[in-house]
There are 2 protein chains.
Amino acid sequence: MAKKRVTLAQVAEVAEVSVGTASKAINGRGQLSPATRQRVRDTARALGMVLDAGGEHPSAGRSFIVGVLTSDSYGRFTMPILTGAEDTFGVGEIAMLLAESRGDPIRERHYLRTLRNRGIDGLIVTGRSSDSRASLREVIDVPTVYALSPSDDRADTSVVPDDAGGAYRGAQHLVNTGRRSIAVVAGPAHHLASTHRAAGAARALEEAGLQIAGGEVLHGEWSERWGFEAAQRLLAATDFDGVFCANDQIARGVLDCLRDQGRRVPDEVGVVGVDNWSVVVEAARPAITSVDLNLRAVGRRAAELLVQMIAGDAGPGGVELVDCTLVARQSA
Amino acid sequence: MAKKRVTLAQVAEVAEVSVGTASKAINGRGQLSPATRQRVRDTARALGMVLDAGGEHPSAGRSFIVGVLTSDSYGRFTMPILTGAEDTFGVGEIAMLLAESRGDPIRERHYLRTLRNRGIDGLIVTGRSSDSRASLREVIDVPTVYALSPSDDRADTSVVPDDAGGAYRGAQHLVNTGRRSIAVVAGPAHHLASTHRAAGAARALEEAGLQIAGGEVLHGEWSERWGFEAAQRLLAATDFDGVFCANDQIARGVLDCLRDQGRRVPDEVGVVGVDNWSVVVEAARPAITSVDLNLRAVGRRAAELLVQMIAGDAGPGGVELVDCTLVARQSA
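Presented here is an overview of the structure given in this document. Worth saying up front: this structure is predicted, and the values here are computed from it rather than measured.

On the chain B side, the residues contacting the 47 residues of chain A number 47 residues. Overall, the association of chain A and chain B removes approximately 3800 Å² of surface from exposure, summing both partners, and the carbon and sulfur fraction of that is 48%. At the boundary of chain A with chain B, the tally comes to 12 salt bridges. Among the ionic pairs, R102(B) bridges to D87(A), the shortest N-O distance being 2.9 Å. Put simply, chain A and chain B have 20 residue pairs in polar contact (both at pLDDT 80 or more) between them. For the side of chain A that touches chain B, the secondary structure elements donating two or more residues are α4 (78-89), β2 (95-100), α5 (105-117), α8 (224-237), α9 (248-260) and α10 (278-281) of chain A. Strand direction decides the pairing type here: β2(A) and strand β2 (residues 95-100) of chain B, joined by 3 bridges, are antiparallel. Pairing of M96(A) across the sheet is with L98(B), part of β2(B).

This is the structure in structure tokens:
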């Protein structure tokens, strides 16, 4: 079907600006306030005009500013993603405007309006977990990539760490180093990161012809306390020579309990964590062998896709997985 | 002495722009590229013109964008400062452009050029330690406030946590809860945060008529390992019923050693840390009583001063201290 032909005059009329202003906004030439430019372009798109087509200079109309919307106020997850995005954007070529929503939807809406008014070229949306979040497709009309926390709309483009693949690698390391009775201690059963990691670990055991020690995955909190308690339960219930833990804090709790109970790590029991969070893995006794989620690579890849989308690509859609890496230390 | 009178025509001539463009740039009206606007304004200032005087609208010429330059790639220190700055700036009223220098001076220079070209109204400079950093006074000509890492030029305005006062409060808590033989375990002797905290703790002991247990401050790393080793040394050398630790990681190492050696905390020994870093203090056994540096308040205050400076104030200069808070848990 042929596209409807929309004229500049029509856009100007609906947006209530002069034809000259409409031309500037659409062709990206001359100086306009970002708000006006955005309003005219939104109007043009709403009327069915395809923008940025027709051989104009690719940088025309661009602000070279990308918005980053995060709900991770603590910053442990956001900072490596920002660093990775910067690897892609180049030093100062594309600037990042940071907006931290504190998980508050009203604050988020407000920020998105502000970012749009400032004429951002694109948007990276990130958070503090692998759980999916509401798509912003209906809220903001700029190229958008979701990093770490995927969009719930498969038409959007998301980049996340391969939790299951990383956990598979971690559990496989226990198998490869001779463990035969391996327990799996995960976080909450309603967190995707937790269930994906538990499933990845279980697959590695299954492929090696092993059962999960104790018969099932133990679900609890993302905390050292839970790791400690889970190890107590395991010691009371079953024999085991390996523990796959779905994060480093759990692994550290497991290690503390095993040491208290006189079980030697790694001689008698091997322990693997996930996150490779230096403050936890390096301080533990012994230091924890852990799966790195490569969040910086997630940020780098999200920014690469965003750059392509800003240049006019539709974006691949769906969820792209970034490989995780096993970092071996003393615990396994 | 009367100020030299500089005319628009002179500015226009030197900056090689029309008088109309010079007027737009200086009076903040009309549309200009940020780079041109900045160049003209820099020229005007260089010629001795006082900008933004004379009753023009205070928002004229403003981008409502503030740059944030950080050397803290890990983000543990930067994120609370950003959150605090946002408290001051209001949701979306003033946007923050983030630039992360990774401690690389070349990258930093490049970023500063980019931020200036984007017409930022002001700049917050932050890092990952209380050690002073080189002033940017000669490098970028926008209102600038240093947060956490103060400028080495006292003419600049810096806001930092009151490390010494916070440590004083932490050690005083040990005194007030009946400890009489208190050791002080600090970080590196060449870190200001370490020496300030050690001095604050020593002052609290002195005021209470107490000597430091073991005779002197023990200096080492900012790590659990060092805390563990320091506690071993103390146990071998002296009697003590309290340990003031200059950060939470040291405190956790001390706790682990005391538990290994059968010393009960807090019954026999009280332990206090600094940072109130949840992942460390809440996971320790027992949970650590710690001094919170109130970094969010540091960010809030830095942004308040910056807003005043953007509005035309000269800035107070010097280093303003933000109070720290003791958060009591089980360890003391």
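More follows now that the structure is in view.
Our next topic: the relation of the copies chain A and chain B. Relating one copy of the chain to the other takes a rotation about an axis and a shift parallel to that axis. For the pair chain A and chain B, the superposition axis carries a translation of 0.0 Å, the fit reaches an RMSD of 0.1 Å, and the rotation angle comes to 180°. Overall, the copies show the geometry of a two-fold rotation axis. Of the C-alpha atoms belonging to chain A, the one lying closest to the rotation axis is found on L97(A), 2.3 Å away. A share of 100% of the interface residues of chain A reappears at the interface of chain B, consistent with the copies meeting face to face through the same patch.

Taken in spatial order, the 12 strands line up as β11(A)-β5(A)-β4(A)-β3(A)-β1(A)-β2(A)-β2(B)-β1(B)-β3(B)-β4(B)-β5(B)-β11(B) in an open sheet, and their pairing is mixed. With one partner strand each, in any of the chains shown, β11 (318-322) of chain A together with β11 (318-322) of chain B form the two edges of the open sheet. Looking at each pair of strands side by side, their axes are set apart by 25° on average, direction ignored. Relative to strand β5 (residues 157-161) of chain B, strand β4 (residues 144-147) of chain B runs parallel, the two sharing 3 bridges. Looking at the pairing, Y146(B) lines up with S158(B) of β5(B).

The rules behind each value
- Every chain is numbered on its own, with residues counted from 1 as its sequence reads.
- Ligands are numbered from 1 and chains lettered from A, in the order in which they are written.
- In keeping with the predicted nature of the model, local features appear solely for residues at pLDDT of at least 70, side-chain atom pairs appear and are counted solely at 80 or more, and the whole-chain, interface and lining totals rest on all residues.
- Side-chain metrics in this entry use all non-hydrogen atoms of the structure; hydrogen atoms and water are not considered.
- By the convention used here, residues are in contact when the closest approach between their heavy atoms is within 4.5 Å.
- The quantity reported as buried area is the accessible area (1.4 Å probe) lost by two parts once they are put together, taken as the sum for both.
- Here, a salt bridge means any side-chain nitrogen of Lys or Arg that lies within 4 Å of a carboxyl oxygen of Asp or Glu.
- N or O atoms closer than or at 3.5 Å make up a polar contact, with two conditions inside protein: a donor-capable atom paired with an acceptor-capable one, and, for residues adjacent in sequence, both atoms drawn from side chains.
- Numbered from the N terminus, helices here are DSSP runs of H or I no shorter than four residues, and strands are runs of E no shorter than two.
- Pairing between strands is defined by DSSP: at least two bridges between them are needed.
- The atoms used to superpose the copies are C-alpha atoms, taken from residues with pLDDT of at least 70 in both, and the fit is least squares.
- Convention adopted: a line fitted to C-alpha atoms gives each axis, helices being fitted over their contacting stretch, and angles between N-to-C directions are expressed from 0 to 180 degrees.

So, to be careful, I would describe these as geometric facts and stop short of saying anything about function.
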